[in-house]
Amino acid sequence: MGRFLVHYGIHFIVPVFITLFFFKDQRLKILLILWGGILIDIDHLWASPIFDPNRCSIDFHPLHTYWAISVYFLLFLLKKTRVIGAALLLHILADSMDCWLLFLQTK
């Protein structure tokens, strides 16, 4: 249950705090973009099984590879794509925390 709360808390609650503290204008737009980062989970459709609670997404799914993550960092560095890059990196952070907690669970 802890993994679930951490994982989805980062996906859905952390973006709310980010928009409240860092974006005074266009809060709803920024929040929707940050929540939209979850769309990279479309790559789970190519996996078999589609969902495996004991699988780490990082470097398994195509949009969760280290190459993709490096592109997300580049998007974050550019002013015009910073929020999109932040959304994608936030998604990766959530999945990384899930992997880390999965690793601790198996120890």
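So, how was this worked out
Residues numbered from 1 in each chain as written. Predicted model: local features only at pLDDT ≥ 70, side-chain atom pairs only at ≥ 80, totals over all residues. Heavy atoms only, no water. Helix = DSSP H or I, 4+ residues; strand = E, 2+ residues; numbered from the N terminus. Rg over C-alpha atoms; globule rule 2.2 N^0.38 Å. Buried < 20%, exposed > 50% of the residue type's maximum accessible area, 1.4 Å probe, protein only. Contact = heavy atoms within 4.5 Å. Areas by Shrake-Rupley, 256 points an atom, 1.4 Å probe, with all protein chains shown as cover. Lys, Arg positive; Asp, Glu negative; His and termini not counted. Charge placed at Lys NZ, Arg CZ, Asp CG, Glu CD. Core = buried A, V, L, I, M, F, W, Y, C linked by side-chain atoms within 4.5 Å. Axes fitted to C-alpha atoms, helices over the stretch in contact; angles between N-to-C directions. Parallel < 35°, antiparallel > 145°, perpendicular 65-115°, else oblique. Left-handed = near helix turned anticlockwise from the far one by under 90°. Nonpolar A, V, L, I, M, F, W, Y, C, P; charged D, E, K, R; others polar. Arc of directions from axis to C-beta.

Points about the overall build of the chain
Each helix and strand counted, the chain has five helices and zero strands in total. Its helices and strands taken in sequence order, the chain reads α-α-α-α-α from the N to the C terminus. Relative to the compact-globule value of 13 Å for 107 residues, the chain shows a C-alpha radius of gyration of 14 Å, a close match. Expressed as lengths along the three principal axes of its C-alpha atoms, the size of the chain is roughly 45 × 30 × 20 Å. Looking at the 107 residues of the chain, the share that counts as buried comes to 35%. Long-range pairs, those at least 24 residues apart, make up 51% of the contacts in the chain between residues at least 6 apart in sequence. By element, 74% of the accessible surface of the chain is carried by carbon and sulfur atoms, the whole surface being about 7,200 Å². Put simply, the chain has 9 plus and 7 minus side-chain charges, and the middle of one group is 12 Å from the middle of the other.

Re the nonpolar core
Within the largest apolar cluster, nine residues are counted, these being Ile40, Ile58, Ala68, Ile69, Tyr72, Leu88, Leu89, Ile92 and Cys99. Mapped onto this core, the elements with two or more residues apiece are α4 (66–77) and α5 (82–106). It is α5 that provides the largest number of residues to this core, a total of four residues. Those residues in contact with Ile69, other than ones at most four positions away along the chain, are Ile58, His64, Leu89 and Ile92.

A closer look at the packing of helix α2 (residues 14–22) against helix α3 (residues 27–36)
Close contact between α2 and α3 brings their axes to 9 Å; oriented N to C, the two are set at 150 degrees. Classified by the interaxial angle, the pair formed by α2 and α3 is roughly antiparallel. As for the relative orientation of α2 and α3, their crossing is right-handed in sense. Where α2 abuts α3, its residues Pro15, Val16, Ile18, Thr19 and Leu20 lie against Arg27, Ile30, Leu31, Leu34 and Trp35. Across the contact of α2 with α3, the residue classes break down as eight nonpolar, one polar and one charged.

A closer look at the environment of Gly37
Within the element layout of this structure, Gly37 appears in the loop between α3 and α4. In this structure the C-alpha to C-alpha distance between Gly37 and His11, which are 26 residues apart in sequence, comes to 8.3 Å. Setting aside residues no more than four positions away along its own chain, Gly37 makes contact with Ala87, Leu88 and His91.

Observations concerning α3
Where α3 is concerned, the buried positions are Ile30, Leu31 and Leu34. Summarising the axial view, the buried residues of α3 lie within an arc of 100 degrees, below the 170-degree limit, and thus occupy one face. Considering only its buried residues, α3 is in contact with α2 and α5.

Quick look at the packing of helix α1 (residues 2–12) against α2
It is at 4 Å that the axes of α1 and α2 come closest, and there the two elements cross at 35 degrees. Taking contact as the criterion, the partners of Gly9, Ile10, His11 and Phe12 in α1 are, on α2, Val14, Pro15 and Val16. Per-class residue counts for the contact of α1 with α2 are five nonpolar, two polar and no charged.

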